[in-house]
Amino acid sequence: MILILLGAPGAGKGTQAQRLMNEHGLVQLSTGDMLREAVANKTEYGIKAKAAMDAGELVTDEIVVNIIADRIGHDDCKNGFILDGFPRNVPQAEALDAMLSEKGLKLDHVVLMTVDEEELTKRIIGRFTCSSCNEGYHDEFKRPAVDNVCDKCGGTDFTRRKDDNIETVQARFETYRSQTEPLLPYYESKGVLSKVNGMSAIEEVAGEIKAVLGV
Ligand code: ADP
Ligand code: ADP
Ligand code: ZN
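Bear in mind that the values here come from a model prediction, so they are computed numbers and not experimental data.

(A) Spatial organisation of the packing of helix H2 (residues 31–40) against helix H4 (residues 61–71). Two numbers describe how H2 lies on H4: the axes approach to 11 Å, and their chain directions differ by 105°. As far as their axial angle goes, H4 and H2 are roughly perpendicular. Within the contact between the two elements, H2 uses Thr31, Met34 and Leu35 and H4 uses Ile63, Val64, Ile67, Ile68 and Arg71.

What follows is the structure, given as structure tokens:
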């Protein structure tokens, strides 16, 4: 199955992608995670992407399209994958269509998770992740069972993203509205778009997504 999770920053895409990965063996392809890794490793793409990421703007289509084209060719993507954070504008969506048709693959579902901006801001400001396994947490909404110990891997080191601050969040919302929202009519017209209420609790959103996917 090939699935796109769409939604504003903080909508819960990464959280739901990780659940689907754990429960259904689908691979999560997060361009944000891949770019942060490239920045940390100071690769050529990382060096080019850093300024745009810090400002809450999109990095160039060339970089993310190349990263995804390379990644979906790997063996672990053979049984399907979840795109989390890609595509983020119409040219990226067109590039994805071309890549898939070249490989004889078909996009099964695009799931939009809707959440209002007040809630998105709370989610982003309280977000942190396990440095070892990348499991996502929240100060209020998803604390580890034991403080400062990752539920999944037992790690005790956590990180907060540099762009998860109140100023950059506003720029990221604006980028989402102007560049990413035009994907909604794009996928609606292809008949693959479904909407779920992203305001509900994590478990409920997961249930709604499973109903859409039929898993
Ligand atoms: P995205 O990948 O869309 O940017 P995340 O999955 O990282 O979003 O979620 C943002 C933050 O909100 C994380 O701290 C996560 O634990 C929390 N979160 C995710 N889904 C929900 C939900 N349905 N209700 C409350 N908090 C949530
Ligand atoms: P969030 O879901 O919280 O917005 P991501 O981790 O998906 O965050 O993305 C973080 C940053 O990485 C974005 O603000 C942007 O600069 C860059 N980025 C991620 N995916 C893409 C993409 N498909 N195209 C362009 N830039 C991207
Ligand atoms: Zn962990």
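(B) Quick peek at helix H3 (residues 44–55). Residues Gly46, Ala49, Ala52 and Met53 constitute the buried set of H3. What you see down the axis of H3 is that its buried residues fit within an arc of 135°, all on one side. Exposed and oriented more than 90 degrees from the buried face of H3 are Ile47, Lys48 and Ala51. In this fold, the buried residues of H3 make contact with H2 and helix H7 (166–180). Count one or two residues on from H3 and you reach glycine 56, which has phi positive near 75°.

(C) Spotlight on the coordination of the zinc ion (ligand 3). Within the first shell, the zinc ion (ligand 3) binds the protein through Cys130 (SG), Cys133 (SG), Cys150 (SG) and Cys153 (SG), at distances of 2.3 to 2.4 Å. Classification of the site at the zinc ion (ligand 3) rests on its 4 donor atoms, whose angles at the metal span 101 to 114°, yielding the label tetrahedral. Considered as a linear motif, the donors of the zinc ion (ligand 3) on their single chain read C-x2-C-x16-C-x2-C. Remark: cysteine 153 occurs in the loop between strand S6 (136–138) and strand S7 (158–159) and cysteine 130 occurs in strand S5 (residues 127–130); sequence separation between them is 23 residues. You can call cysteine 130 buried: its relative accessible area is 2%.

Definitions and limits used
Residues numbered from 1 in each chain as written. Chains lettered and ligands numbered in written order. Predicted model: local features only at pLDDT ≥ 70, side-chain atom pairs only at ≥ 80, totals over all residues. Heavy atoms only, no water. Axes fitted to C-alpha atoms, helices over the stretch in contact; angles between N-to-C directions. Helix = DSSP H or I, 4+ residues; strand = E, 2+ residues; numbered from the N terminus. Parallel < 35°, antiparallel > 145°, perpendicular 65-115°, else oblique. Contact = heavy atoms within 4.5 Å. Buried < 20%, exposed > 50% of the residue type's maximum accessible area, 1.4 Å probe, protein only. Arc of directions from axis to C-beta. Donors = N, O, S within 2.8 Å, 3.2 Å for Na, K, Ca; no water. Tetrahedral: all angles 85-135°; square planar, octahedral: opposite > 155°, others 65-115°.

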